[in-house]
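# Geometric and topological summary
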Amino acid sequence: MNAPIFSLKDKRVYVAGDRGMVGSAVVRRLAREGCTMVSAPRGVDLREQAAVRAWFAANPVDVVVVAAAKVGGILANDSYPADFLYDNLMIEANLIEASRVAGVAKLLFLGSSCIYPKFAPQPIHEDALLTGPLEPTNEWYAIAKIAGIKLCQAYRRQHGCDFISAMPTNLYGPGDNFDLQSSHVMPALIRKAHEAKTAGAESITIWGSGSPRREFLHVDDLADACVFLLQHYSAEEHVNVGFGDDLTIADLTALVADVVGFAGRIEKDASKPDGTPRKLMDSARLRSLGWAPRIPLREGVADAYAWFCAHHANT
Ligand code: GFB
């Protein structure tokens, strides 16, 4: 593992989006780094440039993690293109520019594996960016996140800002969104299997064919990768943060059903989109720096299910 090039000790750190699944995991992981956490009140709308500038002017910070975003699963992305494009463009542009003005020493921007072309060669290397058409169901979110990568690169070139970008694969874990219309597949399957088991239902229905493949990373692994990148990485190129292997949605459903204890049938709703057939990332750039994930999929699913039961099962 390379020696750290940036210390978080005694730094004032602002994790934008610290109430969400990713942001709260990063805050939990930073607790071990001897830094001071700074949080913006709910009233600060990160889409409002003046509000963001005023907050930064009143709250000096040394490090910013951009984990704030308008996020959602395939149906939400496909249903609200304007929200996914506009909200994410405004949030990232306001945070990145305000961080420059404030002289923030280090910024980590978080995107997503959906930035890559729909049919990118697998596993997807960082160089595949902008080499082909995007997946239509989430091109809006993808364009916003690609713009965020470009903003960080432009600010590094023109202003010398140490702003870096990381592209996580599909994430899951504590604090996830379990709403069946807007969520990602992992929390949706956990909730569907749990509610079917509890109700004694004979089947659950998954969206699409079940054939697409997805790579999944527990959000605590992502948070650890974020801290590692803040401490060890300073360059223009974005960095993939993947788990290293993937599985079909059908196999994931069987795994989730087994962890939850649901033994019924799996039905498929062909009217729902499959989206990208596969988006397994090549994370060799990050591995070569000395980081690797630690939470196996089955253990991670059990952890996410335990959190769901403790926080949502009775809603
Ligand atoms: O997780 P998901 O919504 O988003 O869908 P993506 C992954 C796959 O799971 C798709 C299938 O093929 C879905 O059709 N699926 C099966 C389900 N059952 C369900 C279900 O009940 N709910 C959901 N949501 N999916 C997202 C992007 O794409 O990936 C986001 O839209 C972001 O912008 C995220 O990039 C990481 O993986 O297809």
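Nothing here was measured: the structure is a model prediction, and the numbers come from that model. (Residues numbered from 1 in each chain as written. Predicted model: local features only at pLDDT ≥ 70, side-chain atom pairs only at ≥ 80, totals over all residues. Heavy atoms only, no water.)

Moving on to the packing of helix 2 (residues 49–58) against helix 4 (residues 81–102). Following both chains from N to C, one finds helix 2 and helix 4 inclined at 35 degrees, their axes separated by 9 Å at the closest point. Between helix 2 and helix 4 the crossing geometry is right-handed. In this structure, helix 2 uses Gln49, Val52, Arg53 and Phe56 to contact helix 4, whose residues at the interface are Asn94, Leu95, Glu97, Ala98, Ser99 and Ala102. The class makeup of the residues in the contact of helix 2 with helix 4 is five nonpolar, three polar and two charged. (Axes fitted to C-alpha atoms, helices over the stretch in contact; angles between N-to-C directions. Helix = DSSP H or I, 4+ residues; strand = E, 2+ residues; numbered from the N terminus. Left-handed = near helix turned anticlockwise from the far one by under 90°. Contact = heavy atoms within 4.5 Å. Nonpolar A, V, L, I, M, F, W, Y, C, P; charged D, E, K, R; others polar.)

Around the ligand there are 22 residues in total, and Ser112, Asn170, Lys192, Pro273 and Asp274 lie nearest to it. In this structure, an oxygen atom belonging to the ligand sits 3.3 Å away from a side-chain N or O atom of Asn77. Side-chain polar atom of Asn138 to an oxygen atom of the ligand: 3.4 Å apart, as the coordinates give it. Alone, the ligand offers 700 Å² of accessible surface; in the complex the protein occludes 97% of this. Put simply, the parts of the chain that give the shell around the ligand at least two residues each are helix 3 (74–79), helix 6 (185–199) and strand 7 (203–207). When residues of the shell around the ligand are assigned to their parent elements, the largest contribution, three residues, is made by helix 6. (Near = heavy atom within 4 Å. Polar contact = N/O pair within 3.5 Å; in protein donor to acceptor, adjacent residues only side chain to side chain. Areas by Shrake-Rupley, 256 points an atom, 1.4 Å probe, with all protein chains shown as cover.)

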